[in-house]
Amino acid sequence: MRVLVLNCGSSSVKFAVIDTQTKESISSGLVENIGVNGHVKAKGPAGNIDFNFDCPTHAEAVAEVQKFLAEQKLIDTIEAIGHRVVHGGKYIKSEKVSQEVIDYIRSITLFAPLHEPAHATGMECATKFFPTLPQVAVFDTAFHQTMPRKAYLYGIPYSFYEKDAIRRYGFHGTSHRFVTAEAAKILGKKPEDCCFITAHLGNGSSCSAILNGKCADTTMGFTPLDGLIMGTRSGSLDPAILFFISKKYGYDIDRLDKLVNKESGLLGLSGLSNDMRTLTQAASEGHIGAQIALETFCYKLTREIGGIAMALPRIDALVFTGGIGENSRVVRKTVMENLALLGYQIDDARNEDNGKNSGHIISKDGTPTAMVVATNEELLIALDTEALVK
Ligand code: ADP
């Protein structure tokens, strides 16, 4: 089946046409700067496009995607649409899109203010421009809904959980689920027989403890700000730091939000960049900020892995994925060295051989297994969509 995967963000719409049989992406692209100065970039079998256009709302963006797919003669081959949704609230698995689902996504806007309205609008636009296609919503949070209460509760008065559903939700669930299934395959086991630590390391990063194929704990929380140090996000903080900065510098809520979401993490620590490639290069050339950022990123990651490992009886594999996990030899090597207590030893030659071939084992024979698995969230969204609409 060919599935159009749509990822409607606050000011962008990303798309891909995935063939679930061949698992290949046939066409993909991005409309960005919605509401400002629309720009579309897309590729397909009949050629590529790249231009600016008038795009005041998501409707024009989805219309442009539809037009491109029609020009590519792909439109009649697509049988369903799968939407990536950041926050699924109560949903524990993917759902067929209905008015009830759209209304629920809008009702939890407070949980992800930039994303949820965009997802709901994206679904309505898709209904308008692709009226015959069934749609499915795939939630980043759903995979983590198996966490036990002791893992998802925060140490604040219980009434906030009861009244406002303030709890750990976890994100990147589609990626953690995808690499869990892949890693199990590589070990020749069923996911339900496997315990993993999955480390999705990209611009946003999170680690999950996978117990018998299900999520037992994860580092992201009520929002994707919790847990690991990320590109521009701080990760976990002592909340009193915010009180201190607010009192001393007069930062209001919006300014604090910007500080911890856009100015912190690798960027804030290094004073140079949020991009791991730039930082690795600069650190090797002696840039102190880059060295501090790299060292702190790897140490905090190790510390979180050590923490969530306590949710598991054993670790069958430590799985690295995401842009950094799949590509950064330096991060993998440093983290594996930091994890010496758990017996991990890196095989330098394997770690150097950094191909995109999924399932690349990077640990030494006879030591606990660590591997690199390329994530593919779009494929999993397409497969979920196919399963639900068939
Ligand atoms: P997103 O979370 O936006 O999907 P990605 O998963 O694409 O992000 O990851 C982006 C991160 O991966 C960036 O920090 C980037 O520098 C890093 N990255 C990509 N390629 C490499 C590489 N070859 N070496 C080190 N880091 C890399």
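Structure first, text after, so check above.
Residues numbered from 1 in each chain as written. Predicted model: local features only at pLDDT ≥ 70, side-chain atom pairs only at ≥ 80, totals over all residues. Heavy atoms only, no water.

Sheet architecture is open: 8 strands sit in the order S5-S4-S3-S2-S1-S6-S8-S7, paired in mixed fashion. Each edge of the open sheet is held by one strand with a lone partner, namely strand S5 (47-52) and strand S7 (95-96). Where strand S1 (residues 2-8) and strand S6 (residues 78-85) come together, 5 bridges link them in parallel fashion. Paired with leucine 6 across the strands is histidine 83, a residue of S6. Of the strands in this sheet, S1, S6 and strand S8 (135-139) are in contact with helix H3 (residues 116-129), which crosses S6 at around 170 degrees. (Pairing = 2+ DSSP bridges. Helix = DSSP H or I, 4+ residues; strand = E, 2+ residues; numbered from the N terminus. Contact = heavy atoms within 4.5 Å. Axes fitted to C-alpha atoms, helices over the stretch in contact; angles between N-to-C directions.)

With that settled, consider the environment of glycine 173. Counting through the fold element by element, glycine 173 comes out in helix H6 (residues 173-187). On the basis of relative accessibility, which here comes to 2%, the residue glycine 173 falls in the buried class. Taking the C-alpha atoms as reference points, glycine 173 and methionine 1, separated by 172 residues in sequence, lie 23 Å from one another. Ignoring sequence-local partners within four residues, the contact set of glycine 173 consists of Asp140, Phe143 and His144. (Buried < 20%, exposed > 50% of the residue type's maximum accessible area, 1.4 Å probe, protein only.)

What follows deals with the packing of aromatic side chains. Taken as a whole and assessed by the stated rule, the structure comprises 10 aromatic pairs. Centre to centre, the rings of phenylalanine 111 and tyrosine 169 are 5.5 Å apart; their planes meet at 40 degrees, and the pair counts as tilted. Of the two residues, phenylalanine 111 is situated in the loop between helix H2 (99-107) and H3 and tyrosine 169 in the loop between helix H5 (158-164) and H6; the sequence distance between them amounts to 58 residues. We classify tyrosine 169 as buried; its relative accessible area is 4%. Arranged with centres 6.2 Å apart and planes meeting at 55 degrees, the rings of tyrosine 249 and tyrosine 251 form a pair that is tilted. Among the aromatic residues, those joined into a cluster by ring pairs are Tyr91, Tyr104 and Phe139. If you follow lysine 90 out to its NZ or CZ, it ends over the ring of tyrosine 104, 4.6 Å from the centre. (Phe/Tyr/Trp six-rings, centres within 6.5 Å; stacked < 30°, edge-to-face > 60°. Lys NZ or Arg CZ within 6 Å of the ring centre and 35° of its normal.)

With respect to the helices and strands, glutamine 135 occurs in strand S8. Within the structure, the side chain of glutamine 135 is placed 2.9 Å from the side chain of threonine 127, a separation counted as a polar contact. Not counting residues up to four positions away in its chain, the partners in contact with glutamine 135 are Ile81, His83, Glu95, Lys96, Val97, Met123, Ala126 and Thr127. (Polar contact = N/O pair within 3.5 Å; in protein donor to acceptor, adjacent residues only side chain to side chain.)

Time to look at the site of the ligand. Taken together, the neighbourhood of the ligand is formed by Gly202, Asn203, Gly204, Asn274, Asp275, Met276, Arg277, Gly322, Gly323, Ile324, Asn327 and Ser328. Here an oxygen atom of the ligand sits 3.2 Å away from a polar atom, N or O, in the main chain of arginine 277. Contact with the protein chains hides 66% of the accessible area of the ligand, taken as 580 Å² for the molecule alone. Within the residue set of the shell around the ligand, elements represented by two or more residues are helix H10 (276-284) and helix H12 (322-327). It is H12 that provides the largest number of residues to the shell around the ligand, a total of 4 residues. Each residue belonging to the shell around the ligand can be placed in one class, and the counts come to 2 nonpolar, 8 polar and 2 charged. (Near = heavy atom within 4 Å. Areas by Shrake-Rupley, 256 points an atom, 1.4 Å probe, with all protein chains shown as cover. Nonpolar A, V, L, I, M, F, W, Y, C, P; charged D, E, K, R; others polar.)

This paragraph deals with the pattern of salt bridges. Tallied over the full model, the rule gives 19 salt bridges. In this structure, glutamate 95 engages lysine 93 in a salt bridge whose closest nitrogen and oxygen atoms are separated by 3.5 Å. The salt bridge partner of glutamate 352 is arginine 329, with a shortest N-O separation of 3.2 Å. With a gap of 23 residues between them, glutamate 352 in helix H14 (residues 348-352) and arginine 329 in helix H13 (residues 329-338) connect regions that are remote in the sequence. Given a relative accessible area of 34%, arginine 329 falls into the partly exposed group. Overlapping salt bridges bring together Lys189, Arg314 and Asp316 as one network. (Salt bridge = Lys/Arg side-chain N within 4 Å of Asp/Glu carboxyl O.)

Both trends apply: most residues other than glycine have a negative phi, and most peptide bonds are in trans. In this model, lysine 73 sits at a positive phi of 55 degrees, which is unusual for a non-glycine residue. Its identity as a non-glycine residue notwithstanding, alanine 165 has a phi of 55 degrees, on the positive side. Mapped onto the secondary structure, alanine 165 falls in the loop between H5 and H6. Alanine 165 gets classed as partly exposed once you look at its relative accessible area, which sits at 24%.

Take lysine 93: it is sitting in the loop between S6 and S7. Classification of lysine 93 by relative accessible area gives partly exposed; the value is 47%. The spacing of lysine 93 and leucine 256 is 163 residues in sequence and 33 Å in space, taken between C-alpha atoms. In contact with lysine 93, not counting residues within four places along its chain, are Phe139 and Ala142. At 3.5 Å, the side chain of lysine 93 forms a polar contact with the side chain of glutamate 95.

To continue, consider the side chain of serine 234. Note that serine 234 resides in the loop between strand S11 (214-218) and helix H7 (240-249). Take serine 234: its relative accessible area is 12%, and that puts it in the buried class.

Moving on, we get to the layout of surface pockets. Remark: the empty space left among the atoms is shown by a probe the size of a water molecule rolled over them. The computed volume of the second largest pocket comes to approximately 330 Å³. Around the second largest pocket, the lining is made up of 19 residues, and of these Ile92, Lys93, Ala142, Phe143 and Arg177 lie nearest the centre. Elements supplying a minimum of two residues to the lining of the second largest pocket: S8, H6 and helix H15 (377-389). For the lining of the second largest pocket, the element with the highest residue contribution is H6, accounting for 5 residues. In terms of residue class, the lining of the second largest pocket is built from 8 nonpolar, 7 polar and 4 charged. (1 Å grid on protein atoms, 1.4 Å probe; cavity = no way out; pocket = protein on both sides within 12 Å on 5 of 7 lines; lining within 4 Å. Points joined across faces, edges and corners; volume = space filled by probe spheres on them.)

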